[in-house]
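Close look at the chain arrangement
Read off the chains here:
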Amino acid sequence: MFRGLRESVLLLSLLRKDWACNGPTWLPLVLALAAIAGVAYADHLVVSLSLVYLYTLPLTVGAIFLRKEISYGLIVACIVFHYFFHYFDSPRHIHSGLRIFHDLSALLCLTFVVYVIQRYIERQESLVKTIEQQRDSLLKDVELAAEVQRLFLPSGRPAIAGLEIAGMMQPARGVGGDYYDYIPIDAHTTQIVIADVAGKGVSAALLMSATAAAMRLEANRDRNMLQQVERLNTEIGAVSDPEKYVTLLVGEIDTTKRTIHYVNCGHNPALLFRAKTRTLTRLHSSCPPIGLAPEEICELASEGLVAGDVLVFYTDGVTEAANRLGEEFGMERLSAAVRSGSSLSAEDLMTNIYNASADFCGDDFNDDVTILVVKCNFDCSSTPTS
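Source: prediction; values computed, not measured.

Points about the overall build of the protein chain
Scanning the protein chain from terminus to terminus reveals 10 helices and 10 strands. Across the protein chain, the fraction of contacts at a sequence separation of at least 24, relative to all contacts at a separation of at least 6, is 71%. Split by element, the accessible area of the protein chain, about 20400 Å² in all, is 60% carbon and sulfur.

Focus: the packing of aromatic side chains
Counted according to the given criterion, the structure contains three aromatic pairs. An angle of 55 degrees between the planes, with centres 6.0 Å apart, marks the rings of Tyr-180 and Tyr-182 as tilted. Pairing Tyr-354 with Phe-365 gives two aromatic rings, centres 5.5 Å apart and planes at 25 degrees, and the pair type is stacked. Here Tyr-354, found in helix H10 (residues 346-361), pairs with Phe-365, found in the loop between H10 and strand E10 (369-376); they are 11 residues apart in sequence, far enough to count as distant. Classification of Tyr-354 as buried rests on a relative accessible area of 17%.

Focus: unusual backbone geometry
Positive phi outside glycine occurs at Arg-258, with the angle close to 55 degrees. Within the secondary structure, Arg-258 sits in the loop between strand E4 (246-254) and strand E5 (259-265). You will see that Arg-278, though not glycine, has its phi angle at about 55 degrees, which is positive. Note that Arg-278 resides in the loop between strand E6 (270-274) and strand E7 (279-283).

With respect to the nonpolar core
By size, the foremost hydrophobic cluster in this structure holds 46 residues, and its most contacted members are Leu-311 and Phe-313. Among the elements that make up this core, the one with the highest residue count is helix H6 (residues 201-221) (six residues). Other than its neighbours up to four places away in sequence, Leu-311 contacts Ile-253, Ile-260, Leu-271, Leu-272, Leu-283, Leu-305, Leu-372, Val-373 and Val-374. Within the second largest apolar cluster, 27 residues are counted, among which are Leu-271, Ala-321, Phe-329 and Met-350.

Quick notes on the confidence of the model for the protein chain
Taken as a whole, the protein chain shows an average pLDDT of 80; of its residues, 80% reach a score of 70 or greater. Per-residue pLDDT, averaged within each element of the protein chain, yields its smallest value for helix H1 (residues 2-14) (47) and its largest for strand E9 (residues 310-314) (97). Under a pLDDT of 50 for its full length, residues 5-12 has, in the predicted model, eight contacts with residues more than four places off or in other chains.

Brief notes about the state of the cysteines
By the definition in use, this model includes one disulfide. Here Cys-265 is not disulfide-linked; the sulfur of Cys-287 is the nearest cysteine sulfur, at 3.2 Å. By relative accessible area, which is 0% here, Cys-265 ends up buried.

A word on the pattern of salt bridges
Following the criterion strictly, the structure yields three salt bridges and no others. Across the pair Glu-122 and Arg-119 runs a salt bridge whose closest N-O atoms are separated by 3.7 Å. Separated by three residues within a single helix, Glu-122 and Arg-119 lie in helix H5 (residues 96-151), roughly one turn from each other. Between Asp-136 and Arg-135 there is a salt bridge, with the nearest N and O atoms lying 3.3 Å from each other. Exposure remark for Arg-135: the relative accessible area of 47% places this residue in the partly exposed category.

Topic: the side chain of Asn-264
Within the secondary structure, Asn-264 is located in strand E5. Residue Asn-264 is classed as buried on the basis of its relative accessible area, which comes to 0%.

Brief notes about the side chain of Asn-323
One can find Asn-323 in the loop between helix H8 (316-319) and helix H9 (330-340). With a relative accessible area of 17%, Asn-323 lands in the buried category. Among the polar contacts listed, one links the side chain of Asn-323 to the backbone nitrogen of Glu-327, at a separation of 2.9 Å. Among residues more than four places away in sequence, those in contact with Asn-323 are Phe-360 and Cys-361.

Observations regarding the environment of Met-350
You can see Met-350 is positioned in helix H10. C-alpha separation for the pair Met-350 and Val-312, spaced 38 residues apart in sequence, amounts to 8.4 Å. If we ignore the near neighbours within four places in the chain, the residues touching Met-350 are Ala-166, Gly-167, Met-168, Ile-371 and Val-373.

A few points about the sheet that holds E9
On the basis of which strands lie adjacent, the open sheet formed by five strands has the order E1-E10-E9-E6-E7 and antiparallel pairing. Where the open sheet ends on each side, the last strands, each with one partner, are strand E1 (163-170) and E7. Put simply, the sheet's adjacent strands are angled 15 degrees from each other on average, direction ignored. Examined bridge by bridge, E9 and E10 share five bridges and lie antiparallel to one another. In the sheet register, Tyr-314 faces E10, and the bridge partner there is Ile-371. Relative to E1, H10 is tilted by about 30 degrees, and along the sheet it contacts E1, E9 and E10.

Regarding the sheet that holds strand E3 (residues 189-197)
Read across the sheet, five strands follow the order E2-E3-E4-E5-E8 without closing on themselves; strand pairing throughout is antiparallel. Because the sheet does not close on itself, it has two edges, and the strands there are strand E2 (178-186) and strand E8 (301-304). Strand after strand, the sheet turns through a mean of 20 degrees between neighbouring axes, direction not considered. By the bridge criterion, four bridges tie E5 to E8 in an arrangement that is antiparallel.

Definitions and cut-offs
- Residues numbered from 1 in each chain as written.
- Predicted model: local features only at pLDDT ≥ 70, side-chain atom pairs only at ≥ 80, totals over all residues.
- Heavy atoms only, no water.
- Helix = DSSP H or I, 4+ residues; strand = E, 2+ residues; numbered from the N terminus.
- Contact = heavy atoms within 4.5 Å.
- Areas by Shrake-Rupley, 256 points an atom, 1.4 Å probe, with all protein chains shown as cover.
- Phe/Tyr/Trp six-rings, centres within 6.5 Å; stacked < 30°, edge-to-face > 60°.
- Buried < 20%, exposed > 50% of the residue type's maximum accessible area, 1.4 Å probe, protein only.
- Core = buried A, V, L, I, M, F, W, Y, C linked by side-chain atoms within 4.5 Å.
- pLDDT = per-residue confidence, 0-100.
- Disulfide = S-S within 2.5 Å.
- Salt bridge = Lys/Arg side-chain N within 4 Å of Asp/Glu carboxyl O.
- Polar contact = N/O pair within 3.5 Å; in protein donor to acceptor, adjacent residues only side chain to side chain.
- Pairing = 2+ DSSP bridges.
- Axes fitted to C-alpha atoms, helices over the stretch in contact; angles between N-to-C directions.

Encoded structure:
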């Protein structure tokens, strides 16, 4: 304990604040003094000329590593060493006036060198401090943006009899461009939405927020999904540049009719696990991504559902998660995870898919990861209405 306290005191009294030393804290000072003594001794041996300006080398090192007061104190040590070795017991015969002028000029030059180095280091320290403050401010802004983004994600689950729903979104950079939602339409119908904005980071998150807000408005305005997508395409295209677009899959599940009607706008095909045949059906894309073309020409597709069926929606952060060899998690591994976990709850299946992908890539995702699972727990005794 006392040894650590002593090292801390020495560190505070010798080294600059921005320098940490794993070894002895007095070592830079000892090296500087040894270098000064070496220059002084060489100056004593060389009779034909003065080597006083070689003191700039140890003084430069001292100015970088040592505190300002100590680095200026080393100038005095240089003059003392120079006077003792250069003039004492030396064959040189120099006029006293010339000697004083020489020593004063050397003192001024060495002081100027140390001053310039100190000023440079102080400016560097000020720049580093400013950058750190800006970084901290940016991190706070990103945290605030992440909180705002979470407000667009569903906080609860829709109370739709016969459906079990679970969803998650894991951004790759604090904020992300993925979005999912489940919007209740009535007591037996809900709308499922999953989207992925091209790109990552803050710009993708801003466009994702605009997409989420527009999707909420559209869902409350009109239940015609084709018209929703058409208007959404116009709205997103008006606020984004041509390089930014949104892949979107929106589906409407009716537990009375036991059907899902969906529109896939360039998004990854959702997986429909059929409990009776234990096969997987892919809900493929039928139109281009949102915001990519001025006019959106889409088709409405439908699939029937029975008790035990499972719907899995996801973004490409899952399938494109790569291991150290560059291999992607891919559709085959995802399909295997869905099949093996089809009997689990929606929450557990979602967690299993995420863990399988995370284990495959070493928990090092390069893109946002979103998974949405819908499990059909219809009453087997009742029949669907047409």
